[in-house]
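Per-entry structural report
Below, each chain spelled out in residue letters.
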Amino acid sequence: TEYPRGFKQFLADRPDNQPFCFWLGSSDPHRDYKKGSGRDAGILVDKIPVPGFYPDTDEIRSDLADYYFEVQRFDADCGNAIKLLEEIGELDNTLIVMTGDNGIPFPRCKSNIYDMGVHEPFAIRWGSEVPGGRRVTDFMSFADLAPTFLEAAHIPVPQQMTGHSLLPILLSTKQGRVDGKRDHVIFGKERHTPAQESPSMGGYPCRGIRTDRYLYIRNFEPDRWPAGSPSNATHPVGEFADCDNGPTKTYLLDHRDDPKVKLYYDLAFAKRPAEELYDLKNDPDQLTNLAEHKDYAKIKARRSAMLLAEMKATSDPRAMGGGEQFDQYPFRSNYKLNK
């Protein structure tokens, strides 16, 4: 809770004429939220668009508004930090990256590898070096941040880093797709929290490849529950423990027997096939799996081959063998799982 004040003290204590690095992290967007805080802050709940994988209800729109209120608070904290840099004359000399670290804490978002789980807000400012006012469509990953910072600081990038510096893109004046090779991104998940049938330590291993047009997902253990077991009473979060508790989750659980809600419940919590393919141009919310559609067979095969090739190039155990070891690792957290 002291990070805004901490940055001010950090700047006051730093050695003169020395480079510095500060990570301003926030727990604001994490649950729990004060219910109704978004509405109370003046957010127009009735105007909030609801993702296509939820029913459009006031309960869910209000939950989204509470999340947006938390995001706005973090935005204000970042604005105050930027103001401090401006006051000491270091704003244009500082490389600033602002981003999230996972999807929103809602069903089918955080701890999933659909767009709402892995597509993060991302903005960079470096006033004296990077031309501003540009929007770039190159795909990138958090793995690219470390080599970017090292190259900006004129420090050699270790060979074992799999990311690639964004500096050539940042220093360019081009918009749109700057580097033609950055036409896709790879992502995946092993375990967020042990949420399968106790005492299993396994997660829901999956990998995905995202291009401009398509999202292909490979689920390596389709017999498992993607959001955790519906009967995991030993877990502190309860059923579907890999999904944060909150009003939206509660609404889907409470109305699971309503025929009008069952589709949304299944999208969030039901078991999934080994392969998923989505046409993002026609299905931006990723609702219709085309993996078994004959018209998309070649597209699926091509994306599957691309994903497997990159998994092998990075020695991913799910491609090379030994992936089951992930399921054996112990879990450390600030709460204890009941035995």
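Above this text sits the structure in question.
Residues numbered from 1 in each chain as written. Predicted model: local features only at pLDDT ≥ 70, side-chain atom pairs only at ≥ 80, totals over all residues. Heavy atoms only, no water.

**Section: the pattern of salt bridges**
So the rule is basically this: One side-chain nitrogen of Lys or Arg within 4 Å of one carboxyl oxygen of Asp or Glu is enough to make a salt bridge. Under the scheme used here, helices are H or I runs from DSSP no shorter than 4 residues and strands are E runs no shorter than 2 residues, and both carry numbers assigned from the N terminus. Burial classes follow relative accessibility: with a 1.4 Å probe on protein chains only, a residue under 20% of its type's maximum area counts as buried, one over 50% as exposed, and anything between as partly exposed.
By the definition in use, this model includes 25 salt bridges. Ionic pairing is found between Arg182 and Asp144, a salt bridge with its closest N-O pair at 3.0 Å. With Arg182 in the loop between helix H6 (167-171) and strand E3 (184-189) and Asp144 in the loop between strand E2 (122-125) and helix H5 (145-152), this residue pair connects regions lying 38 residues apart in the sequence. Overall, Arg182 belongs to the buried group, its relative accessible area being 10%. Judged by relative accessible area, Asp144 falls into the buried class, the value being 5%.

**Things to note about the side chain of Thr211**
The cut-off we apply is this: Contacts between residues were defined by any pair of non-hydrogen atoms, one from each residue, lying within 4.5 Å.
Within the element layout of this structure, Thr211 appears in strand E4 (residues 206-211). Using a relative accessible area of 9% as the deciding quantity, one classes Thr211 as buried. Once residues lying within four places of it in the same chain are set aside, the contact partners of Thr211 are Phe139, Asp183, His184, Leu280 and Arg303.

**Considering helix H9 (residues 297-313)**
What counts here: Each helix should span, by expectation, one fewer than its residue count multiplied by 1.5 Å. Working note: the arc is built from the helix axis to C-beta atom directions.
Helix length check: H9, at 17 residues, gives a terminal C-alpha distance of 24 Å against a target of 24 Å (1.5 Å per residue), a fit within 8%. Along H9, the positions that sit buried rather than exposed are Ile299, Lys300, Arg303, Leu307 and Met311. The arc enclosing the buried residues of H9, seen along the axis, measures out at 100 degrees, which places them on a common side. Within H9, the exposed residues directed more than 90 degrees away from the buried face are Lys298 and Ala313. Turning to H9, the residues buried within the fold contact E3, E4, strand E5 (214-219), strand E6 (275-279) and helix H10 (317-320). Phi turns positive one or two residues past the end of H9, at Ser315, with a value near 55 degrees.

**A short note on the sheet that holds E3**
For sheets, the rule is that strands pair by backbone hydrogen bonds, running either parallel or antiparallel. The cut-off we apply is this: Here a strand pair is declared whenever DSSP counts at least two bridges between the two strands. Whenever a helix is involved, its axis is fitted only over the stretch in contact; in every case the axis is a line through C-alpha atoms, and angles between N-to-C directions fall within 0 to 180 degrees.
Spatially, four strands are ordered E3-E4-E5-E6 in an open sheet, and the strand pairing comes out antiparallel. In this open sheet, the two edge strands, each paired with only one partner strand, are E3 and E6. Direction aside, the axes of adjacent strands within the sheet are offset by 15 degrees on average. Of the strand pairs in this sheet, E4 and E5 are connected by five bridges, and their pairing is antiparallel. Bridge assignment links Cys206 to a residue of E5, and that residue is Asn219.

**Concerning the nonpolar core**
The criterion, for reference: Joining through side-chain atoms within 4.5 Å is the link that ties buried Ala, Val, Leu, Ile, Met, Phe, Trp, Tyr and Cys residues into a set, and such a set is a nonpolar core.
Residues Tyr54, Phe106, Leu252 and Phe269 are the most contacted members of the largest nonpolar core, which totals 25 residues. Elements with a minimum of two residues in this core: helix H3 (58-87), helix H7 (247-254) and helix H8 (259-269). Looking at this core element by element, the count peaks at six residues for H8. With near-sequence residues (within four places) excluded, Tyr54 lies in contact with Ile60, Phe106, Pro107, Cys109, Thr248, Leu252 and Tyr264. Core analysis: the second largest hydrophobic core is formed by 11 residues, Tyr114, Phe139, Phe187 and Leu280 among them.

**Here we look at unusual backbone geometry**
Going from Arg31 to Asp32, the amide bond is cis rather than trans, its omega being 15 degrees. Although it is not a glycine, His154 sits at a positive phi angle of roughly 60 degrees. Tracing the sequence through the fold places His154 in the loop between H5 and H6. On the basis of relative accessible area, His154 is assigned to the exposed category, the value being 74%.

**Digging into the environment of Arg332**
Along the chain, Arg332 turns up in the segment after H10. Note on Arg332: relative accessible area 68%, which makes it exposed. As a C-alpha pair, Arg332 and Thr193 span 139 residues in sequence and 9.3 Å in three-dimensional space.

**Quick word on the packing of H3 against H7**
Each packed pair of helices is defined by two parameters, the angle between the axes and the distance between the axes. Defined as follows: Each angle is binned into one of four classes, with values under 35 degrees roughly parallel, values over 145 roughly antiparallel, values of 65 to 115 roughly perpendicular, and all other values oblique. In a left-handed crossing the near helix is turned counterclockwise from the far helix by less than a right angle, and in a right-handed crossing that turn is clockwise. Under the scheme applied here, ten amino acids are nonpolar (Ala, Val, Leu, Ile, Met, Phe, Trp, Tyr, Cys and Pro), four are charged (Asp, Glu, Lys and Arg), and all others, including Gly, are polar.
At their nearest, the axes of H3 and H7 sit 8 Å apart, and the two run at 160 degrees to each other. Comparing the axis directions of H3 and H7 gives the class roughly antiparallel. Handedness of the crossing formed by H3 with H7: left-handed. In contact with Glu59, Ile60 and Asp63 of H3, H7 contributes Pro247, Thr248 and Tyr251. Residue composition of the contact of H3 with H7, grouped by class: three nonpolar, one polar and two charged.

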